[in-house]
Structure formats: C-alpha cells, structure tokens
Amino acid sequence: QVQLVESGGGLVQAGVSLRLSCAASGRTFSSYIMGWFRQAPGKEREFVAAITRTGANTYYADSVKGRFTISRDNAKNTVYLQMNSLKPDDTAIYYCAANPTTFYKNYMGPWDYWGQGTQVTVSS
C-alpha cells in the first residue's frame, strides 16, 4: 500500500511555470507506475501524464504535451509534474495516483491509490 501527498499548487498568472510534487510513503514506490490527473470545476477528472517505474517512459495527454514534464526520483519516493506555459484552461485540482501493474498499457490504469489533490489556478 502507498500513501500519496501532493504539494506545490497555487495561484499563478498565465505563462508562468509551476512544479507539483507528490511524496509517497512506503518502501515500494519504485514498483508503481505513477500518474497525474486533474479535475476542473464542473468537469470529469482527466489524465495528464504517466511515468513508468524506472522513469524510462513517459506519456502525456495531448492538451499538455510539450508544456508539462513528468519525472520521478525513486530515491526520494517522489514524482513531479513540471508545468510550463500555464494557461487558464489548466486550472484544476491536480491529483497523483499509483498504478501497481508492471507494464503501462494506457491511462485507464488501474490507479489503485490517490492523493488528496492540490489546487492550481491560472489567471489570465
């Protein structure tokens, strides 16, 4: 089992950068595929990015490709989401999630563990 805690959200202006962190408890962090999701007001939660257990492969939603970068530090049990060129449409609660499977198939998971989320608000 793993517990996830996100941090790094805030209120920023369009065009700036922000880095989110997700700290995981437990000794088996490196055995999880990690992902970031977001949910905007009145909308369903959507996939943002995922990273395989070693960090060798990353996957992105089209809406963030080229602007966001997911990375992980297994020694620190932490996954990051670097967000550049932020837009008002990026405003959402951002969640990290852990997928216990060995190989990444698609964004559908299974995502067995979730953090509580961190708010990102981008003003125009």
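See the structure above.
Please read these numbers as outputs of a predicted model, since none were measured by experiment.

Draft legend 1. Structural detail: the packing of aromatic side chains. Evaluation of the coordinates by the stated rule reveals 6 aromatic pairs. Where Y32 meets Y113, the ring centres are 5.9 Å apart and the plane angle is 85 degrees; that geometry is what we call edge-to-face. A residue pair is termed long-range when its members are at least 10 positions apart, and Y32 in the loop between strand 3 (18-24) and strand 4 (33-39) and Y113 in strand 10 (residues 113-114) qualify at 81 residues. Judged by its relative accessible area of 22%, Y113 is partly exposed. With a centroid separation of 5.2 Å and 75 degrees between ring planes, the pair formed by F37 and W111 is classed as edge-to-face. A residue pair is termed long-range when its members are at least 10 positions apart, and F37 in strand 4 and W111 in the loop between strand 9 (92-99) and strand 10 qualify at 74 residues. Accessibility assignment for this pair places F37 and W111 in one class, buried. One aromatic cluster is present, formed by F37, F47, Y107, W111 and W114 through successive ring pairs. Against the face of W114 rests R45, its NZ or CZ located 3.8 Å from the ring centre. Positioned above the aromatic ring of F29, the side-chain terminus of R72 is 4.5 Å from the ring centre.

Draft legend 2. Layout of the sheet that holds strand 7 (residues 68-73). Taken together, the 4 strands give an open sheet; going across it, the order is 1-3-8-7, and neighbouring strands pair in antiparallel fashion. Two strands in the sheet have a free side with no partner beyond their single neighbour: strand 1 (4-7) and strand 7. Recorded for the sheet is a direction-independent mean angle of 15 degrees between the axes of neighbouring strands. For strand 7 and strand 8 (residues 78-83), the ladder comprises 6 bridges, and the chain directions are antiparallel. Each residue of the ladder has a partner; that of R72, found in strand 8, is V79.

Thresholds applied
Residues numbered from 1 in each chain as written. Predicted model: local features only at pLDDT ≥ 70, side-chain atom pairs only at ≥ 80, totals over all residues. Heavy atoms only, no water. Phe/Tyr/Trp six-rings, centres within 6.5 Å; stacked < 30°, edge-to-face > 60°. Helix = DSSP H or I, 4+ residues; strand = E, 2+ residues; numbered from the N terminus. Buried < 20%, exposed > 50% of the residue type's maximum accessible area, 1.4 Å probe, protein only. Lys NZ or Arg CZ within 6 Å of the ring centre and 35° of its normal. Pairing = 2+ DSSP bridges. Axes fitted to C-alpha atoms, helices over the stretch in contact; angles between N-to-C directions.

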